[in-house]
Amino acid sequence: MKRVERKTKETDISLSVKLDGKGDANIQTGVGFFDHMLESFAKHALIDLDIECKGDLHVDAHHSVEDVGIVLAKALGELIYPVNAMERFGNATVVMDEASVSCDIDLSNRAYLHYDINLDGTIGRFEGELVEEFFRAVAFNLPVTMHLVCNRGKNKHHIAEAAFKAFALALRRATAKNERIQIPSTKGVL
C-alpha cells in the first residue's frame, strides 16, 4: 500500500493505492464521470484505490483530472519500480458495445504516450479532451511507455470507459509476477 498527498494552489489530493488488491475503490474528485472512470480502472486493474481530490472546479475539471493522474502515477511508480520478477509488457483490447479501444504498455521507466482517440466535445458535463490529459499525466509521471488507440466507436462514454478499462487490464498484465524473469531487460535494469 502506498499513500501520497499533494497540495497545490489548484488541488489538494490524498491518495492510497494497493497494487495487489481486489479492485475496491473509494473515489471522490468532485467530477462524477471521472470518478466512474477511476472506479472502472481500479476494478479491472485489481488494485485498491482511495482518492480524495479537492480541486478548483469553479474554473473547470482540468487541474483535478491532470493532478490525480500525476499523483496516481507517482504512487504506482513507487510500487512498480525497480521492475523485478514482473512481466513488464501488457496489452488489452476492451470492447463496450460499438467501441473498441486497445492499450499497450511497457514498464520501461521511460515516458512516452501515443494517444489516438478522438473525444472532442463533452461526455455529459465532462470535457472529452481531459481523458488525454489524464493519460499523459500517468505516462509521464509513472513513467511508462503507453499506446492508446481507438479501433472504432461512436459513443464517447463507451470509448472513454473502454480506454480506462484497457489501461487497467494492460497494467495488471504488465505487473503480473513471474519469478523466472527477474529483471525483464537485457540491460539488467529498468
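Now for a quick tour of the structure. Remember, predicted model here, so these are calculated numbers, not experimental data.

Digging into helix H4 (residues 156-174)
- End to end, H4 covers 27 Å across 19 residues, agreeing with the expected 27 Å (1.5 Å per residue, within 8%).
- Buried residues dominate H4, accounting for 15 of its 19 residues.
- Of the residues that open H4, the one with a side-chain oxygen 2.9 Å from the backbone nitrogen of histidine 157 is asparagine 155.

Topic: the pattern of salt bridges
- For the coordinates displayed, the defined rule picks out seven salt bridges.
- The partner of glutamate 5 in a salt bridge is arginine 3, and the shortest N-O contact between them spans 3.5 Å.
- For arginine 6, the salt bridge is made with aspartate 67, and the minimal N-O distance between the two is 3.2 Å. Of this pair, arginine 6 sits in strand E1 (residues 2-7) while aspartate 67 sits in helix H2 (residues 62-80), and the two are 61 residues apart along the sequence.

Thoughts on a negative patch on the surface
- A cluster of acidic residues, Asp60, Asp120, Glu127 and Glu129, forms a negative patch on the protein surface.
- One can find glutamate 127 in strand E9 (residues 126-127).

Regarding the layout of surface pockets
- Computed from the structure, the largest pocket encloses a volume of approximately 210 Å³.
- Listing elements by their share of the lining of the largest pocket, those giving two or more residues are helix H1 (32-45) and E9.
- Here the residues of the lining of the largest pocket sort into seven nonpolar, three polar and three charged.
- Its boundaries defined by the atoms lining it, the second largest pocket holds a volume of some 180 Å³.
- What lines the second largest pocket is a set of 13 residues, and nearest its centre among them are Leu19, Asp20, Arg172, Thr175 and Ala176.
- Of the residues belonging to the lining of the second largest pocket, the class tally is eight nonpolar, two polar and three charged.

Overview of the packing of aromatic side chains
- Under the defined criterion, the tally for this structure stands at seven aromatic pairs.
- Relative to phenylalanine 134, the ring of phenylalanine 34 lies with its centre 5.5 Å away and its plane at 70°, an arrangement referred to as edge-to-face. Of this pair, phenylalanine 34 sits in helix H1 while phenylalanine 134 sits in helix H3 (residues 129-141), and the two are 100 residues apart along the sequence.
- For phenylalanine 34, a relative accessible area of 0% gives the class buried.
- Ring centres of phenylalanine 134 and phenylalanine 164 lie 5.1 Å apart, and the angle between their planes is 25°; this geometry places the pair in the stacked category. Separated by 30 residues along the polypeptide, phenylalanine 134 in helix H3 and phenylalanine 164 in helix H4 bring together distant segments of the chain. This pair shows no difference in class: phenylalanine 134 is buried, exactly as phenylalanine 164 is.
- Three or more aromatic residues joined by ring pairs make a cluster, and in this case those are Phe34, Phe41, Phe134, Phe135, Phe164 and Phe167.

Conventions used here
Residues numbered from 1 in each chain as written. Predicted model: local features only at pLDDT ≥ 70, side-chain atom pairs only at ≥ 80, totals over all residues. Heavy atoms only, no water. Helix = DSSP H or I, 4+ residues; strand = E, 2+ residues; numbered from the N terminus. Expected span 1.5 Å × (residues − 1). Buried < 20%, exposed > 50% of the residue type's maximum accessible area, 1.4 Å probe, protein only. Polar contact = N/O pair within 3.5 Å; in protein donor to acceptor, adjacent residues only side chain to side chain. Salt bridge = Lys/Arg side-chain N within 4 Å of Asp/Glu carboxyl O. Patch = residues over 30% accessible without salt bridge, like charges linked within 9 Å, V, L, I, M, F, W, Y side chains within 5 Å. Areas by Shrake-Rupley, 256 points an atom, 1.4 Å probe, with all protein chains shown as cover. Lys, Arg positive; Asp, Glu negative; His and termini not counted. Charge placed at Lys NZ, Arg CZ, Asp CG, Glu CD. 1 Å grid on protein atoms, 1.4 Å probe; cavity = no way out; pocket = protein on both sides within 12 Å on 5 of 7 lines; lining within 4 Å. Points joined across faces, edges and corners; volume = space filled by probe spheres on them. Nonpolar A, V, L, I, M, F, W, Y, C, P; charged D, E, K, R; others polar. Phe/Tyr/Trp six-rings, centres within 6.5 Å; stacked < 30°, edge-to-face > 60°.

As far as function goes, none of this settles anything; it's purely spatial.
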